[in-house]
Amino acid sequence: MAAQVTTVAQQKGGAGNTRMAAHLAIAWSDAARTVAIVDIDPHAYTEARFAV
Ligand SMILES: Nc1ncnc2c1ncn2[C@@H]1O[C@H](COP(=O)(O)OP(=O)(O)OP(=O)(O)O)[C@@H](O)[C@H]1O
Ligand SMILES: [Mg+2]
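The text that follows walks through the structure, step by step, so that each part is easy to find. (Residues numbered from 1 in each chain as written. Chains lettered and ligands numbered in written order. Predicted model: local features only at pLDDT ≥ 70, side-chain atom pairs only at ≥ 80, totals over all residues.)

Time to look at the overall build of the protein. For the protein, the count of helices and strands is two helices and zero strands. Each of the 52 residues in the protein was classed as buried or not, and the buried ones make up 0%. (Helix = DSSP H or I, 4+ residues; strand = E, 2+ residues; numbered from the N terminus. Buried ≥ 20, exposed ≤ 12 C-beta atoms within 10 Å, placed from the backbone.)

Now the structure itself:
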């Protein structure tokens, strides 16, 4: 099965990038897909939120 890479990015910060990515990951996970989510922002909010 081929993997799909989806990027959520824009120049402006604080505009909901992380939240959008997290919601997509949760929705795809609920749909029985295997999901890996990585936040490359130095804040690393996603990893903190998901306790990775
Ligand atoms: N659709 C929304 N409605 C209301 N608040 C939202 C929505 N999306 C995000 N927020 C809030 O806006 C703030 C910033 O969201 P988020 O951290 O996802 O942005 P970001 O673009 O990833 O920010 P950063 O540039 O710091 O990484 C958070 O407090 C989040 O809870
Ligand atoms: Mg972010």
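Around ligand 1, the surrounding shell holds 10 residues, and the nearest of these are Gly-13, Gly-16, Asn-17, Thr-18 and Arg-19. Residues that form the shell around ligand 1 fall into these classes: two nonpolar, six polar and two charged. (Near = placed C-beta within 6 Å. Nonpolar A, V, L, I, M, F, W, Y, C, P; charged D, E, K, R; others polar.)

Moving on to unusual backbone geometry. A positive phi angle, close to 70 degrees, is found at Ala-32, a residue other than glycine. Looking at the secondary structure, you find Ala-32 in the loop between helix H1 (17-30) and helix H2 (45-49).

Within the secondary structure, Ala-9 sits in the segment before H1. Judged by local crowding, Ala-9 falls into the exposed class, with 8 C-beta atoms found within 10 Å. Sequence separation between Ala-9 and Ala-21 is 12 residues; the distance between their C-alpha atoms is 9.3 Å.

Here the focus is the environment of Val-35. Looking at where Val-35 falls in the secondary structure, it is placed in the loop between H1 and H2. Looking at Val-35, the number of C-beta atoms within 10 Å reads 14, which means it is partly exposed. Spatially, the C-alpha atom of Val-35 lies 6.2 Å from that of Ala-25, the residues being 10 residues apart in sequence. Among all residues touching Val-35, those that are not within four sequence positions of it are Ala-25, Trp-28 and Ser-29. (Contact = placed C-beta atoms within 7 Å.)

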